[in-house]
There are 2 protein chains.
Amino acid sequence: MNKKQSIKISNAVIRRLPKYRRYLEDLLNKKIYRISSKDLSELIGFTASQIRQDLNNFGGFGQQGYGYNVKELYNEIGKILGLDSAYIVILVGVGNLGQALANYAHFYKTGFIVNAMFDINPKLIGLRINGVEVMDVEYLEEYLSQNDIDIGIICTNKESAQDIATRMCKGGVKGIWNFAPIDISVFGNTILESVHLSDSIHTLTYYINHPEDYNA
Amino acid sequence: MNKKQSIKISNAVIRRLPKYRRYLEDLLNKKIYRISSKDLSELIGFTASQIRQDLNNFGGFGQQGYGYNVKELYNEIGKILGLDSAYIVILVGVGNLGQALANYAHFYKTGFIVNAMFDINPKLIGLRINGVEVMDVEYLEEYLSQNDIDIGIICTNKESAQDIATRMCKGGVKGIWNFAPIDISVFGNTILESVHLSDSIHTLTYYINHPEDYNA
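The shown structure was predicted, so the numbers you read here are calculated from the model rather than taken from an experiment.

## Points about the overall build of chain A
Counting secondary structure elements, chain A contains 8 helices and 9 strands. Expressed along its principal axes, the backbone C-alpha trace of chain A runs to roughly 60 × 45 × 35 Å. Across the 216 residues in chain A, those meeting the buried criterion constitute 53%. Put simply, of all contacts in chain A between residues at least 6 apart along the chain, 55% involve residues at least 24 apart.

## Focus on the packing of aromatic side chains
Tallying each qualifying case throughout the model produces 14 aromatic pairs over all chains. Ring geometry for Y20 of chain B versus F46 of chain B: centroids 5.9 Å apart, planes at 85 degrees, classification edge-to-face. Placement of the pair is Y20 of chain B in helix α1 (residues 11–29) and F46 of chain B in the loop between α2 (37–44) and α3 (48–56), with a sequence separation of 26 residues. Note on Y206 of chain B and Y207 of chain B: the rings are 5.6 Å apart at their centroids and 80 degrees apart in plane angle, and the pair reads as edge-to-face. The burial state of Y206 of chain B is the same as that of Y207 of chain B; both residues are buried. Site record: aromatic cluster; members linked through ring pairs are F58 of chain A together with Y206, Y207 and Y214 of chain B. The ring of F46 of chain B carries the charged tip of R16 of chain B above its face, separated from the ring centre by 5.7 Å.

## Some points on the sheet that holds strand β6 (residues 132–136) of chain A
Judged by pairing direction, the sheet is mixed, and its 7 strands sit side by side in the order β5-β6-β4-β3-β7-β8-β9 (chain A) without closing on themselves. Lying at the two open borders of the sheet, with one neighbouring strand each, are β5 (128–129) and β9 (191–194) of chain A. Pairing between β5 of chain A and β6 of chain A: 2 bridges, direction antiparallel. Across the sheet, R128 of chain A pairs through a bridge with E133 of chain A, a residue of β6 of chain A. Seen against the sheet, helix α8 (residues 197–209) of chain B touches β3 (87–92), β4 (112–119), β7 (151–154), β8 (175–178) and β9 of chain A and runs at an angle of roughly 160 degrees to β8 of chain A.

## Considering the sheet that holds strand β7 (residues 151–154) of chain B
The 7 strands are arranged β5-β6-β4-β3-β7-β8-β9 (chain B) in an open sheet whose pairing can be described as mixed. Edge positions in the sheet fall to β5 (128–129) and β9 (191–194) of chain B, since each has one partner strand and no second. The pairing of strand β3 (residues 87–92) of chain B with strand β4 (residues 112–119) of chain B spans 6 bridges and is parallel. Among the inter-strand pairings, I90 of chain B is bridged to a residue of β4 of chain B, identified as A116 of chain B. Strand contacts of helix α8 (residues 197–209) of chain A: β3, β4, β7, β8 (175–178) and β9 of chain B, with the helix running at about 160 degrees to β8 of chain B, the strand carrying the most contacts.

## A short note on unusual backbone geometry
Residue and element names in this part refer to chain B. In this model, K31 sits at a positive phi of 60 degrees, which is unusual for a non-glycine residue. Relative to the elements of secondary structure, K31 occurs in the loop between α1 and β1 (34–35). On the basis of relative accessibility, which here comes to 63%, the residue K31 falls in the exposed class.

## Some points on the domain arrangement of chain A
By domain assignment, chain A separates into domain 1 (11–80) and domain 2 (87–199). Taking the mean C-alpha position of each, domain 1 of chain A and domain 2 of chain A sit 32 Å from one another.

## Here's the deal with the environment of I88 of chain B
Residue and element names in this part refer to chain B. With respect to the helices and strands, the residue I88 is situated in strand β3. When its relative accessible area of 23% is taken as the criterion, I88 is described as partly exposed. Each C-alpha atom of the pair I88 and G152 lies 8.7 Å from the other, and the pair is 64 residues apart in sequence. Leave out the neighbours within four places in its chain, and I88 touches I113, N115, D148, I149, D150 and I151.

## Notes on the pairing of β3 of chain A
Residues and elements named next belong to chain A. Among the 6 residues that make up β3, 5 are buried, leaving the element largely enclosed by the rest of the structure. Bridging between β3 and β7 involves 4 bridges; their strand directions are parallel. Following the sheet pairing, I90 is matched in β7 by G152.

## Re the relation of the copies chain B and chain A
Mapping chain B onto chain A leaves a residual RMSD of 0.0 Å; the transformation is a rotation of 180 degrees accompanied by 0.0 Å of translation along its axis. Both copies of the chain, as the preceding transformation shows, are related through a two-fold rotation axis. A share of 100% of the interface residues of chain B reappears at the interface of chain A, consistent with the copies meeting face to face through the same patch.

Procedures and definitions
Residues numbered from 1 in each chain as written. Chains lettered and ligands numbered in written order. Predicted model: local features only at pLDDT ≥ 70, side-chain atom pairs only at ≥ 80, totals over all residues. Heavy atoms only, no water. Helix = DSSP H or I, 4+ residues; strand = E, 2+ residues; numbered from the N terminus. Buried < 20%, exposed > 50% of the residue type's maximum accessible area, 1.4 Å probe, protein only. Contact = heavy atoms within 4.5 Å. Phe/Tyr/Trp six-rings, centres within 6.5 Å; stacked < 30°, edge-to-face > 60°. Lys NZ or Arg CZ within 6 Å of the ring centre and 35° of its normal. Pairing = 2+ DSSP bridges. Axes fitted to C-alpha atoms, helices over the stretch in contact; angles between N-to-C directions. Domains from an automatic or database assignment. Least-squares fit on C-alpha atoms with pLDDT ≥ 70 in both.

Shown next, in the form of structure tokens:
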């Protein structure tokens, strides 16, 4: 079931994989171990053909006349998403949201280990949160030169976010998960994934005021 | 500058509006009050034609040979997004993330007022967070029958999220901002906007493991 190396898989396909995995996890929780292509399609809300096409990017998993083996597909999608590995995480910007994400990432079952937190605020530096000491962000470069970091979470204000991202890229952080309300740039081999909470709530307020444009 | 009522504006266009507004806010902060269509396009990373088409959905704002009046466009997009109004918000699920969002929404400048919080955990019920008392979620229906709520934030676990959403819809909440890692359904006139944090970080881990698929 090797991925076809020659074809670049589209972002739209990749963003559907975590969703498939969520539904498969729910099925496993309900002790459903086998599902027809049609039932899976009705559950997730994509056509059976769409699901088959998406999964074919990774070798295909269903069997004609059998449907999908839920546990096998759940495990395979987890592997494709890299969730069979642990990730070493650092967090810069230890405000309310940063702390919540540190907890979220920490508790989330799939192996995200928060190893260091940084802030600029003297009131936070030296505090221990979930057993991890908050360090002065001045030491970020030094820390990155001594540690291999998979994921850097940015929860700073928008003014500091690009500077932190640049330092993370230089320090070899593999992926940045950005929550600052700004579009930052990455370079080198660093991957960027942003969550723009303000864009999301502003989309909600748009639809509240223009329900005629909303597709449920 | 009336919106053309006959045409339903696509979700893709609507999701670009908060981004335009963020860039315009940055320009205002830099005391830039006028920008050519070309410069705005280079800044945001969309073509000038794309920007013009997007804005034409709402009447169009640029002037040939002048470009855009930054403050006017910022204000108009704010109005289109409904950010000239305040929103009464309730929050269900007062964990770390819920508290962070309550603070975030509370402090965010655009008029989101958290009026009530609910949880099921006896240790949280009765606590005051930012001056708002956490109530037993048992009283959600009663509260909704007595108050007009614009936005209900759901930060419960995934097992409770649909039940809470259903009760919010029945109670006339205009929009739900869902953070539970599950696809919930809404009905009546309620709008749904979900932020799937786990999907986002799983997309990041995918790209960390498959950098060949990544488009910076």
